[in-house]
Every structure is written in structure tokens, then in C-alpha cells.
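Examining the three-dimensional arrangement
So the chains spell out like this:
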Amino acid sequence: MIFRFFLGLYFAVILINLQSIGLVSSANQIEKSLLFVAGLAFVLTRKVDRFNVICVTLIMLTTVACAFLTSYNQFDLGRYFKSAFSLLSIFMLLLGIPLERDRTFLLRLCAWTPVVCVGLGILYNAAGIHTLWYTDFLGVTRLQAASIPAGLGSFGYIGSVAAILCAVFFDKRYFALTITNLVILLLSAARMPLALALGICLVVYFSFYARSLVQAYLSVFALVIVGASAFFSVGTGILNRFESNSLSGRDLLWEALDQVLNQYPWFGIGLGHQITVVPDEVMVKAATIAAHNEYLRVALETGYIGACLIFSIMALIFVRYLYLFAAARSLMYISLVASFFIYCKTDNAISSGVTPFILVLAVFNFARPQAYLKAGGIKQAPSRNLNSRIRKSAYLPARGLPHIDYDLRP
């Protein structure tokens, strides 16, 4: 109960958007602290996945080693610790084995976040606190609700995926929420989140509802009509943004960061220090100091050696689930995990307080806790009959997954 309370509190705080109500300097620290507390409550009240603990420890030790070995003369230990704390808080929810109640709570919580964000945005706009719409450098008017367009894009990304999973696992009426969330995502004009969310939603939908040729044909026909109607109803401005090849000045930012990376290729400049090396003129043109490319940012901060180790260990965490769990050996799980690593190429996916929840959704829904192996120090492998039940549950229709006790004893 305490874990779900703090997780709900964390989402409430990021939806409120502390920056919009004046807490600009301390907003990020408050949000990451709440996420860390929620993760700590999760680890202390759930069975611990020792393999993931080892992996996350190795990631953090990699950042320590790279910080110790860097030759960057403006390295700031305080900045490193703040960034390390932020990074650790993101991984905390992968260190334990969730209960069925955790899965249900997280799915429904994420599914409603875009709608709640828009509702708060309407209230903020009426009170003169925060504008509901934002006009970008292309002159496109984008929905930002109580956040910013990119932030609403992240909410829409996880919200759309969570809603369609709710629809197939719990209640078909969540399909209406899925469409609503996708429309919100479309109005935010966040290109990568929309593409990824649409891709995942199609994978989930066709996995459950379009198994025959007739069902597939009718589904494609209906989706084309709905999709075309949605795109043409949002206006030419947003359509022009989707057609635009503009990188919003990120190409200038990437070029500048590449130059610094070439000076510190082995161990980087220290975790959290990317924002300190952005030239002022590039900052003005790009209107941001965030890298919007996590592969480049991590390589810059930890060097090529550190980046290779960090991303390899991250990938190992999720590849391991493919071996352990029948439900993870599905296109749905793979699409959720892969979408995050694709997202890292164009956005601040790891440093975001919202986007990494796509990985948590993947683990909570497609990694069956009963199948954890005792060899990993976690749990004994289940019986043959239970293995059969798990395999059969991987592709069940919308009636939902059968309830399986998440606290089975060896």
C-alpha cells in the first residue's frame, strides 16, 4: 500500500507541474526524490530481483569509475551526485517483483494521466497560471495542457499504451480512453512519441483482436478511416509539423556536443555535465540545453567505454526476461522495450521522469514473477503445470489474464 501511495503521489506532483506554480528551482529535485522514495518503498516491501540489483549496481559503478577517470577539469562532484541520484531513482522500480495489485494500479494510473494533464491545463489556463496551447518556432499551435508539448507527449505515450493494455486485460471500454489519449498525443504534435505509441497500440490490438484474415482486414479498414479522420481534423498546422524535416535546432546541439565528445572520448566529462558544455549561441538557436539524444549524452558524460557498458547492461536486464518468461517472448513486450531505446535517439528518455515508465509497464505486465529462477537467488522455478499456465496466458483474449498468485512459495 505504501508503495502505491508514493507512486500515486509522484504522478500527482509531476501532473501538477511545480514549475508552472513557481517552484522552478526545486521542481526536479522534489520530483526525483518522490520517485526515489516510491522505488525504495517498492524494494523494501517486495521480493528483490537480485540479478537486476547487480545490473543497476554495475551501471552506477560505471558512472563512478568514469567520473573518477575523467580528465575534464571542470568536473563538479555535487553535480555528479545529483545526476547519479536521478539516474538511480529511474531504475528503482526494476529492482523488485511486483504484485498483481501493483500491475493493475500502474496500468490505470498511467492510462488516465494524459486526460488529467489536459484537465489541469484547462484549469490553469482559466486561472491565468499556464497557457493551454503553445506556439513553436514553426508557428504551429500545439496542446501542452499543464505541462509543455514534449511533456504532454511523454504522458500521451505511456498513457496510450497503458490504456490499450487495460482494454485487453480488464475492460474493453478502455479502448475509448486509448483513442482519447492518442488524440491528445496528436494535438501535442510530439512526433516520435506519437509514432511509437501508435506502433505499440497496433501491435497490442492485432495480437488480441485480429488473428483471422477477416478480422485483420476489417481492423485495418477501420483504423485507416479513424486515423485519416483524426489527422485531417487537427488542422494543417500540426500536419505541416509532422511533414517537416526540421530537427528544431537539435542538429546544431548534437554537432556542438560531438565536438566535446571528441575531446573526451574514453571516459567523458562526468555524469550530469552535458548541460555545462552547450555553447550560448547554440542554446539560443536550439532553445534548449538538453541533448535530446541519450546515446550522445551518455557517451559525452561517461565516454564510449561507459556508454557501451551502461546500455549493454540495460539491454541485458530486458533480454533476460525473454529467457525467463513465456509472456515476454511476444511482440508486445519486445515493442514496448524497443520503443524506449528508439525514443532515446531523439529525446531525453532516460532523464525524463515519465518516459522510463514504458519499461516498467513492460516488466509489470509481461514478466511473470512466478517464473523467476531460484538460481538467481530469487525464486524457485514453478512446476510444469504452472509453466503451462504461464505459456497459455501470454496470448489470452480481452477477457483478461487469469489471476495467478504472485506470492507463490517454492
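Analysis parameters
- Residues numbered from 1 in each chain as written.
- Predicted model: local features only at pLDDT ≥ 70, side-chain atom pairs only at ≥ 80, totals over all residues.
- Heavy atoms only, no water.
- Helix = DSSP H or I, 4+ residues; strand = E, 2+ residues; numbered from the N terminus.
- Buried < 20%, exposed > 50% of the residue type's maximum accessible area, 1.4 Å probe, protein only.
- Contact = heavy atoms within 4.5 Å.
- Areas by Shrake-Rupley, 256 points an atom, 1.4 Å probe, with all protein chains shown as cover.
- Salt bridge = Lys/Arg side-chain N within 4 Å of Asp/Glu carboxyl O.
- Phe/Tyr/Trp six-rings, centres within 6.5 Å; stacked < 30°, edge-to-face > 60°.
- Expected span 1.5 Å × (residues − 1).
- Axes fitted to C-alpha atoms, helices over the stretch in contact; angles between N-to-C directions.
- Left-handed = near helix turned anticlockwise from the far one by under 90°.
- Nonpolar A, V, L, I, M, F, W, Y, C, P; charged D, E, K, R; others polar.
- Core = buried A, V, L, I, M, F, W, Y, C linked by side-chain atoms within 4.5 Å.
- Polar contact = N/O pair within 3.5 Å; in protein donor to acceptor, adjacent residues only side chain to side chain.
- pLDDT = per-residue confidence, 0-100.

**Here we look at the overall build of the protein**
Looking only at helices and strands, one finds 16 helices and 4 strands in the protein. A buried classification covers 54% of the 410 residues belonging to the protein. Nonlocal contacts in the protein, meaning residues at least 24 apart in sequence, comprise 75% of its contacts between residues at least 6 apart. As displayed, the protein offers around 18,400 Å² of accessible surface, 66% of which is attributable to carbon and sulfur atoms.

**As for helix α15 (residues 357-366)**
Most of α15 is tucked away, with 10 of its 10 residues classed as buried. Taken residue by residue, α15 has Phe357, Ile358, Leu359, Val360, Leu361, Ala362, Val363, Phe364, Asn365 and Phe366 as its buried positions.

**Regarding the pattern of salt bridges**
Where charged atoms from two side chains of opposite charge approach closely, those side chains can pair. On inspection of all chains with the given rule, the structure shows 7 salt bridges. A salt bridge links Asp49 to Arg320; the nearest nitrogen and oxygen atoms lie 3.2 Å apart. Highlighted residues: Asp49 in the loop between β1 (47-48) and α3 (50-69) and Arg320 in helix α13 (residues 294-324), separated in sequence by 271 residues. Arg173 is the partner of Asp171 in a salt bridge, and the nearest nitrogen-oxygen pair spans 2.7 Å.

**Some details on the packing of aromatic side chains**
Inspection of every chain in the model, using the stated rule, returns 21 aromatic pairs. A ring pair is formed by Tyr10 and Phe357, whose centres lie 6.2 Å apart and whose planes are at 25°; its orientation type is stacked. Of this pair, Tyr10 sits in helix α1 (residues 2-16) while Phe357 sits in helix α15; the two residues are 347 residues apart in sequence, bridging distant segments of the chain. Considering the side-chain rings of Tyr205 and Phe206, the 5.8 Å spacing of their centres and the 90° angle between planes classify their relative orientation as edge-to-face.

**Digging into the environment of Val260**
Within the secondary structure, Val260 sits in helix α11 (residues 250-263). Looking at Val260, the relative accessible area reads 12%, which means it is buried. Setting aside anything within four residues of it in sequence, one finds Val260 in contact with Ile269, Val277 and Leu300.

**Details of α1**
A rise of 1.5 Å per residue sets the reference length of α1, with its 15 residues, at 21 Å; its end C-alpha atoms lie 21 Å apart and thus fit the reference within 8%. Here α1 has its buried residues at Phe3, Arg4, Leu7, Gly8, Tyr10, Phe11, Val13, Ile14 and Leu15. For α1, the elements touching its buried residues are α2 (27-45), α5 (100-127), α6 (149-169) and α15. Asn17, located one to two residues past α1, shows a positive phi value of around 65°.

**Structural notes on the packing of α5 against α15**
One way to put it is that α5 packs onto α15 with a least axis distance of 10 Å and a crossing angle of 145°. Regarding α5 and α15, the two cross each other, and that crossing is left-handed. For the pair α5 and α15, the contacting residues are Asp102, Arg103, Leu106, Leu107 and Cys110 in the first and Phe357, Val360, Leu361, Phe364 and Asn365 in the second. For the contact of α5 with α15, a count of residues per class yields 7 nonpolar, 1 polar and 2 charged.

**Let's talk about unusual backbone geometry**
In the Ramachandran plot, Ala189 falls in the positive-phi region, its phi being about 60° despite a non-glycine side chain. Here Ala189 is to be found in the loop between α7 (174-188) and α8 (191-209). If you check the backbone angles, His292 has positive phi at about 55° while not being a glycine.

**So, the side chain of His130**
Relative to the helices and strands, His130 resides in the loop between α5 and β3 (133-135). When its relative accessible area of 16% is taken as the criterion, His130 is described as buried. Apart from residues lying up to four places away in sequence, His130 is in contact with Ser20, Gly121, Tyr124, Asn125, Gln144, Ala145, Ala146 and Ser147.

**A word on the nonpolar core**
Met314, Phe318, Tyr321, Leu336, Phe340, Phe357 and Ile358 are the most contacted members of the largest nonpolar core, which totals 118 residues. If sequence neighbours within four positions are ignored, Ile358 has contacts with Tyr157, Ile158, Val161, Ile200, Leu336, Ser339 and Phe340.

**Focus: the side chain of Ser335**
In this fold, Ser335 is placed in helix α14 (residues 331-343). In this structure Ser335 comes out as buried when scored by relative accessible area, which is 13%. Within polar-contact distance, the side chain of Ser335 engages the backbone oxygen of Met332 at 2.7 Å. The residues contacting Ser335, other than those within four sequence positions of it, are Ile200 and Val203.

**Thoughts on the environment of Leu336**
Within the secondary structure layout, Leu336 lies in helix α14. Taking the C-alpha atoms as reference points, Leu336 and Ala197, 139 residues apart in sequence, are found 9.0 Å from one another. When neighbours within four sequence positions are excluded, Leu336 is seen to be in contact with Tyr157, Val161, Leu165, Ile200, Ile358, Leu361, Ala362 and Phe366.

**Some details on the confidence of the model for the protein**
Predicted confidence across the protein gives a mean pLDDT of 81, with 78% of residues reaching 70 or more. Within the protein, helix α16 (residues 384-393) has the poorest average pLDDT of any element, 40, and α3 the best, 94.

**Overview of the environment of Ala256**
As for its position among the elements, Ala256 is in helix α11. Under the relative-accessibility criterion, Ala256 is labelled buried at 11%. In this structure the C-alpha to C-alpha distance between Ala256 and Val282, which are 26 residues apart in sequence, comes to 7.8 Å. If we skip the residues at most four places from it in the chain, Ala256 touches Pro279 and Val282.

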